[in-house]
Amino acid sequence: MTDTATKPRPLDGITVVSLEHAIAAPFCTRQLADLGARVIKIERPGVGDFARGYDERVDGLASHFVWTNRSKESVALDLKAPEAGEVLDALLARADVLVQNLAPGAAARMGLSFEALHARFPRLIVCDISGYGEGGPYEQKKAYDLLIQSEGGFLSVTGGPGEDEMAKAGCSIADIAAGMYAYTGVLSALMLRDKTGEGSRVDVSMLESLVEWMGYPLYYAYEGAPPPPRAGAAHATIYPYGPFPAGDGGTVMLGLQNEREWGLFCEKVLLQPELATDDRFSANFKRSENRAELRAIIVETFASLTAEQVIERLEQASIANAHVNDMAGVWAHPQLKARQRWSEVGSPSGTLPALLPPGRNAAFTPRMDPIPALGEHTERVLAELGYASDAIQRITGRAG
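Undergrad: How should I be thinking about the nonpolar core in this particular structure?
TA: Side chains of nonpolar character tend, in soluble globular proteins, to be buried together. Core analysis: the largest hydrophobic core is formed by 34 residues, its most contacted members being Val16, Leu32, Cys127 and Ile129. Residue assignment for this core shows that the elements contributing at least two residues are α1 (24–34), β4 (97–100), β5 (125–130), α7 (173–196), β6 (201–205) and α8 (206–213). No other element matches the eight residues that α7 contributes to this core. Not counting chain neighbours up to four residues away, the residues in contact with Ile129 comprise Ala24, Ala25, Val99, Gln100, Asn101, Ala178, Ala182 and Val204. Counting 27 residues, the second largest nonpolar core, distinct from the first, contains Val17, Ile40, Leu91 and Tyr387.

See the structure below:
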């Protein structure tokens, strides 16, 4: 295998300045760092990105912060201080990209709108991430992940069938969606700059990002048609497709997509081949309509089997299946281990495991540098900008 550790990365030489907090912008810039970009993260002195304080689950560090902030340089800078504008100007003069997810309008009030910056730094790419985007009646509305899940219709199709059984995603799906579109938006803006020589603006809305991911239920409910019903962990319109209990207390996820698979399921898994032509279950829409009866048959069959025995039968019948893993199961997942997808990164609390970025490229090794302590790189970055030691002490509040 060719050693790629010393090979160039796609974003080597690209500098990103980020005024970021929480998840959407940090997730975007961490991925840019994975590809080799230098990411300079501006944080509030003494407090930092408020995601640093969400919890202490990772050896005293916050789980969200550990996930989204490796390979960055932390510069503690009070953006309201007299010299902050001068420092930002010096940073942006050398930068390729500015990413920000400050409160709506905050960047513009600081003179950091794309229009103002483009006049001074025509090659600079500006990526603005907000809850609802610029303009419109919701522009100034506060937006957190759960609120966007609600506004974007995600909650209406997620959870159980009862009126009070709606459920949010177990991860920050709206933030992740926005972070992904910001990431790809910056990459496309860099490619565009190679053609035009000029920077451009990327405007990312959390709402629009999540609504794009809601395409299937939106079109399913086209022109006032009923939306897909909430079906818990089962599929709303295909059956059997979802979790089923085994006799040992475990749970198995399985899914059938066509009539050929239904016949194999009856013959090799349920050991009841006659069910394949039972009029109650002889087509998917019938199985879905009569899912309570079919579920009872499946549960009764699985009651005498362990989860692994159920999976063995499903594998023999070539029926799609999965373990219902908890987080401990994911940490120990044999496929991730076999593909050597775990690496390590440094942190203020010591070495921590980290998943290598998805989408492995055989030509280079992703950057996996430490998670920074708050303000860890302030003095070094200011020195690079030409500030003398006394000025650095004054800016960092350490003079005298």
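Undergrad: Can you walk me through the side chain of Ser347 in this structure?
TA: For Ser347, the position within the fold is in the loop between β10 (342–345) and β11 (352–355). Of the polar contacts made by the side chain of Ser347, one reaches the backbone nitrogen of Ser349; its length is 3.0 Å. A distance of 2.7 Å separates a polar side-chain atom of Ser347 from the backbone oxygen of Gly350.

Undergrad: Mind showing me how you'd approach the packing of α1 against α7 here?
TA: When two helices pack together, their arrangement is given by the angle between the helix axes and by the axis-to-axis distance. Two elements in contact, α1 and α7, have axes whose closest approach is 7 Å; the angle formed by their N-to-C orientations is 45°. Compared by their axis directions, α1 and α7 come out oblique. Of the two possible hands of crossing, α1 and α7 adopt the one that is right-handed. In this structure, α1 uses Ala24, Phe27, Cys28, Gln31 and Leu32 to contact α7, whose residues at the interface are Asp175, Ile176, Ala178, Gly179, Met180, Ala182, Tyr183, Val186 and Leu187.

Undergrad: Please clarify how the sheet that holds strand β9 (residues 320–323) should be interpreted in this entry.
TA: Whenever strands of a sheet pair, they do so through backbone hydrogen bonds, lying parallel or antiparallel. Reading across the sheet, the three strands line up as β7-β8-β9 and stay open at both edges, with antiparallel pairing between neighbours. Strand pairing shows two members of the sheet lacking a second neighbour, β7 (241–245) and β9, which therefore form its edges. Adjacent strand axes in the sheet meet at a mean angle of 25°, parallel and antiparallel pairs treated alike. Both strand β8 (residues 251–255) and β9 contribute to a ladder of four bridges, which runs antiparallel. Paired with Val252 across the bridge in β9 is His323.

Undergrad: Can you walk me through the environment of Asp194 in this structure?
TA: As for its placement among the helices and strands, Asp194 is situated in helix α7. Given a relative accessible area of 67%, Asp194 falls into the exposed group.

Undergrad: Where do I start with the pattern of salt bridges in this structure?
TA: Opposite charge on two side chains lets them pair, provided their charged atoms get close. By the definition in use, this model includes 19 salt bridges. Its salt-bridge partner being Arg38, residue Glu384 comes within 3.0 Å of it at the nearest N-O pair. Separated by 346 residues along the polypeptide, Glu384 in helix α16 (residues 378–384) and Arg38 in strand β2 (residues 38–43) bring together distant segments of the chain. Judged by its relative accessible area of 22%, Arg38 is partly exposed. One salt bridge connects Asp278 with Arg280, and the closest N-O pair in it is separated by 2.8 Å. Under the relative-accessibility criterion, Arg280 is labelled partly exposed at 33%. Among the ionic contacts, a cluster of salt bridges with common partners joins Glu20, Lys41, Asp49 and Lys72.

Undergrad: So what exactly am I meant to see when it comes to the environment of Ser209 here?
TA: Relative to the helices and strands, Ser209 is located in helix α8. With relative accessibility at 4%, the residue Ser209 sits in the buried group. When the C-alpha atoms of Ser209 and Gly131 are compared, they prove to be 9.6 Å apart, with 78 residues separating the residues in sequence. When residues no more than four places from it in sequence are discounted, the contact partners of Ser209 are Ala177, Ala178, Tyr181 and Val204.

Undergrad: Quick question: what am I supposed to make of the sheet that holds β6 here?
TA: Strand order in this open sheet of six strands is β3-β2-β1-β4-β5-β6, and the pairing throughout is parallel. With one partner strand each, in any of the chains shown, β3 (72–76) and β6 form the two edges of the open sheet. Ignoring strand direction, the axes of neighbouring strands in this sheet form an average angle of 20°. Pairing of strand β1 (residues 15–19) with β4 involves four bridges; the strand directions are parallel. Residue Val16 lies in a different strand from β4, and its bridge partner there is Val97. Sitting on the sheet, α8 touches β5 and β6, and the angle it makes with β6 is about 65°.

Undergrad: I keep staring at unusual backbone geometry and nothing clicks. Help me out?
TA: Of the consecutive residues Tyr239 and Pro240, the connecting peptide bond is found in the cis state with omega at -5°. One can find Pro240 in the loop between α9 (215–220) and β7. Positive phi, normally seen in glycine, also occurs at Ala22, with a value near 65°. Residue placement: Ala22 occurs in the loop between β1 and α1. Positive phi, close to 60°, is recorded for Leu271, a residue that is not glycine. Looking at the secondary structure, you find Leu271 in the loop between α10 (259–269) and α11 (284–289).

Undergrad: Would you take a moment to explain a nonpolar patch on the surface for this structure?
TA: Side chains of Met327, Val330, Trp331, Trp342 and Leu355 sit close together on the surface and give an oily, nonpolar patch of about 500 Å² of accessible area. The element contributing the most residues to the nonpolar patch is helix α14 (residues 327–331), with three residues. For Leu355, the position within the fold is in strand β11.

Conventions and cut-offs
Residues numbered from 1 in each chain as written. Predicted model: local features only at pLDDT ≥ 70, side-chain atom pairs only at ≥ 80, totals over all residues. Heavy atoms only, no water. Core = buried A, V, L, I, M, F, W, Y, C linked by side-chain atoms within 4.5 Å. Buried < 20%, exposed > 50% of the residue type's maximum accessible area, 1.4 Å probe, protein only. Helix = DSSP H or I, 4+ residues; strand = E, 2+ residues; numbered from the N terminus. Contact = heavy atoms within 4.5 Å. Polar contact = N/O pair within 3.5 Å; in protein donor to acceptor, adjacent residues only side chain to side chain. Axes fitted to C-alpha atoms, helices over the stretch in contact; angles between N-to-C directions. Parallel < 35°, antiparallel > 145°, perpendicular 65-115°, else oblique. Left-handed = near helix turned anticlockwise from the far one by under 90°. Pairing = 2+ DSSP bridges. Salt bridge = Lys/Arg side-chain N within 4 Å of Asp/Glu carboxyl O. Patch = residues over 30% accessible without salt bridge, like charges linked within 9 Å, V, L, I, M, F, W, Y side chains within 5 Å. Areas by Shrake-Rupley, 256 points an atom, 1.4 Å probe, with all protein chains shown as cover.

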